[in-house]
Structures are given as C-alpha cells and as structure tokens.
Amino acid sequence: MDNMMLTRVNPHTETEQQSTIHETLSSEKVFIQANTIPATLEEIRDQHVIPVFLKDNECAISQGDFIETVMEVASQSYYGERILKPSIRVSHPIKGRIPEAKDKPVGQLQEWEKTVYYERMMFVIEIPTITDDIAGQPVTYTIGGVKSYGEDNLYNKKGADEHFKLFAGFQNRVCTNLSVWSDGFAGDIKVKSLDQLRNAVLNMLLSYNPVEQVQRMRSLVDHSITEQQFAQLIGRCRMFQYLPAKDKEGIDPLLFGDQQIASVCRDYYRDNSFCRNTDGTINLWKLYNLFTGANKSTYIDQFLERSVSASRLVEAIRDSLNNTRSSWYLN
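What counts and how
Residues numbered from 1 in each chain as written. Predicted model: local features only at pLDDT ≥ 70, side-chain atom pairs only at ≥ 80, totals over all residues. Heavy atoms only, no water. Salt bridge = Lys/Arg side-chain N within 4 Å of Asp/Glu carboxyl O. Buried < 20%, exposed > 50% of the residue type's maximum accessible area, 1.4 Å probe, protein only. Helix = DSSP H or I, 4+ residues; strand = E, 2+ residues; numbered from the N terminus. Pairing = 2+ DSSP bridges. pLDDT = per-residue confidence, 0-100. Contact = heavy atoms within 4.5 Å. Polar contact = N/O pair within 3.5 Å; in protein donor to acceptor, adjacent residues only side chain to side chain. Axes fitted to C-alpha atoms, helices over the stretch in contact; angles between N-to-C directions. Parallel < 35°, antiparallel > 145°, perpendicular 65-115°, else oblique. Left-handed = near helix turned anticlockwise from the far one by under 90°. Nonpolar A, V, L, I, M, F, W, Y, C, P; charged D, E, K, R; others polar.

Caption draft 1: Seen up close, the pattern of salt bridges. Evaluation of the coordinates by the stated rule reveals 27 salt bridges. Where glutamate 113 meets lysine 104, a salt bridge forms, and the shortest distance between an N and an O atom there is 2.9 Å. For lysine 104, a relative accessible area of 30% corresponds to the partly exposed category. A salt bridge links aspartate 252 to arginine 325; its shortest N-O distance comes to 3.6 Å. Taken together, the residues span a long stretch of sequence, with aspartate 252 in the loop between helix 6 (245–248) and helix 7 (258–270) and arginine 325 in the segment after helix 9 (300–321) at a distance of 73 residues. Taken together, the shared-partner salt bridges connect Asp183, Glu212, Arg216, Asp252, Glu315, Arg318, Asp319 and Arg325 into one network.

Now the structure itself:
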C-alpha cells in the first residue's frame, strides 16, 4: 500500500521482515452492541461447531477460517505494520448436544456434552500504525467482515455459493464508531472455497483508497447545519421509510429505523463529544458520528449497510450545502 499519505507510526525495527499480529485486542470498547456477545478466535476455532452442507455433509467455510484468512491477507498487504488481534462479536446462537446426552435434563448437562455455533459474527482488525486525526479525534485504519450462515443455502451440497461481507474503513478512537463508506464495502461476496475468499479480500483492499476516505471525512468538519435544518432532517429521516415506492426514486435510501433516529435526536442534545453547539448548529462530522454511534444498536446482519447509508447521507447533505446537488432530506 505504497500510495498511503496517512500518518504512519512504525513500531518495528529494520530487522523485522513482516507484519505481526499483536496480542492487543482491536476495539477494546464495544464497536457493536445490539444482542451481541464477545468471542475470541480461539473459542470460535476450537469450541464452535462448523455447519455442513446437508446433501454431502461437507463443511462450510467456518467463521474461524474467515477471520484467519482476512488476518493473513492483511499481514501480507500491510507489510511492516502493527496489526492487532481481531475483536469479535457473535449473535443468534444455535445450540445442541451430543447424542449420548439427548435424554439428560438441562441442569445435568456437562460442558463437553453441549454444542453451539453462532449464526452471525462480525469482527474488526485495527492497524493502529496507519492513523490520522479529524477535529482533534484520532481515527485508525480498520478492516473486518461479517458472516451470517443464514445467507447460505446449507440444504445444498459443497460448491454452492457461500456469502461474506467485507469492509475497510476507520474507527474513531474517541467512541469506537466505525466509519465505512461505499468504496470500502463489499456487501455480497460469493465464494466456493478459501482461495476464492482470499482473492476477494485482496481485491477489496487493493481497490480501497483510505486517503480519499479521510479527505472526505475531514471535509465534513467545514460544513454545518442549523437547528432548524437538523429538525427537518430528522423529520425527513422518519418519513423516508413510509414514502410510496415511486417517491423514493432518486433519493439516497436511509436504512436507519425509528430507534436509531431517536438516538441521533437524543445525542444531538446530550452526547459529550458530538452534541450541538450552543447556537444549535452542528457540523457534519459530529452529525455523522451521531449516526454511526446510533448504528451500534443495529444487528450484525444490517450493521455495515447502515454504516454506508450514514456516509451517503452526510455526503449528500454536504453537497446540498455546497449547492452541487440537492438533497431531499434538507430541501
């Protein structure tokens, strides 16, 4: 990644030959809440059942293999950088038990008699040696992905498409909000093997320009909306989901629900880092972080799409303020 112009803090000596995965955990604070729980790579790899395709009993690509593949490609692509251990969240457990314990009361089950895997999993990997600063807030380069077995047709045989989501973006270190823009999001990767998955990860990283995303995020600091414009924005955000289909044509879709919009409105007044100014104005960088903060309450399978939706919304508002295009949310 020789074209990077971001601040690079290199902790390695000249004798070190490759990137290393450090024991420090990416995103020590929660980057997604909803109904998720934390998990470790070791737990997923060693304790979770791997789903199989029904017709031939062949294993699907495991969540552990997915994470390790992204780590491998990241280590090769970001040569010499410091790469942190993945931070992993899982949800929607699928529980079972071994056949010998089928008649046991639940309270008498031993741990080794239980089986579990989680339908949905999301992980992030921070590269803290690639960093920048926006409005006094450090942002670090982050990559990761989402796997939901619910998107796969496991009633088929091995060789059917297996679905993954990949992203590259930045994490705000003040609040652990993830900033994912459309350029760094691959929303429906379909592969049949680990080699295909590895190539997909590499292609996504090669096509993403982190410098451009930082420049676009930094431009948000210089644009503000008034309290009246914020009120209109919130109203239009609530209205969008109820618009007739024909009226939605040409409008950037907003994927946030009423719960997330209410959170944005509340934090406009209360958030310690991103609330309004005393005159009611708020710059678009703060507004963007209100949306990405509200996104933490989203389920794993919708998280990345909503993150991209937030970035498109604030860019449309910025362009509207610059009179380069109109935005239904303000006009």
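Following the structure, the description resumes.
Caption draft 2: Examining the pairing of strand 6 (residues 114–134) more closely. Burial of strand 6 is extensive: 15 of the 21 residues sit out of reach of the surface. Between strand 6 and strand 7 (residues 137–148), which follow one another and run antiparallel, lie 2 residues, and alanine 135 among them has a positive phi close to 55 degrees.

Caption draft 3: Up close: the confidence of the model for the protein. Of the residues in the protein, 92% have a pLDDT of 70 or more, and the chain-wide mean is 91. Looking over the protein, one finds the lowest element-wise mean pLDDT in strand 1 (residues 7–8), namely 62, and the highest in strand 12 (residues 282–283), namely 98. Predicted confidence is poor over residues 11–17, with pLDDT under 50, and the contacts of this stretch with residues over four places away or in other chains come to 9 contacts.

Caption draft 4: Spotlight on helix 4 (residues 210–219). Taken across its 10 residues, helix 4 has 7 buried, putting it largely inside the fold. Of the residues making up helix 4, those classed as buried are Pro210, Val211, Gln213, Val214, Arg216, Met217 and Ser219. Those residues of helix 4 that are buried are in contact with strand 6, strand 7, strand 8 (162–172), strand 9 (178–179), helix 8 (284–294) and helix 9. Where helix 4 begins, the side chain of asparagine 209 points an oxygen toward the backbone nitrogen of valine 211, at a separation of 3.1 Å.

Caption draft 5: Highlighting the environment of isoleucine 261. By secondary structure assignment, the location of isoleucine 261 is in helix 7. Judged by its relative accessible area of 1%, isoleucine 261 falls in the buried class. Here the alpha-carbon distance between isoleucine 261 and leucine 287, two residues 26 residues apart in the chain, equals 12 Å. Ignoring anything within four residues of it in the chain, the contact list for isoleucine 261 reads Ile234, Cys237, Arg238, Leu254, Phe256 and Phe291.

Caption draft 6: Spatial organisation of the side chain of arginine 120. Its place among the elements puts arginine 120 in strand 6. Here the side chain of arginine 120 touches glutamate 119 through a polar contact of 3.1 Å, side chain to side chain. Beyond its immediate stretch of four places on either side in the chain, arginine 120 contacts Gln63, Arg89, Val90, Ser91, His92, Lys147, Ser148, Tyr299, Ile300 and Asp301.

Caption draft 7: Examining the packing of helix 8 against helix 9 more closely. Two numbers describe how helix 8 lies on helix 9: the axes approach to 9 Å, and their chain directions differ by 155 degrees. In terms of axis orientation, helix 8 runs roughly antiparallel to helix 9. Seen from above, helix 8 lies across helix 9 with right-handed handedness. Two secondary-structure elements touch here, helix 8 through Leu284, Leu287, Tyr288 and Phe291 and helix 9 through Ala310, Ser311, Leu313, Val314, Ile317, Arg318 and Leu321. Residues belonging to the contact of helix 8 with helix 9 are distributed by class as follows: 9 nonpolar, 1 polar and 1 charged.

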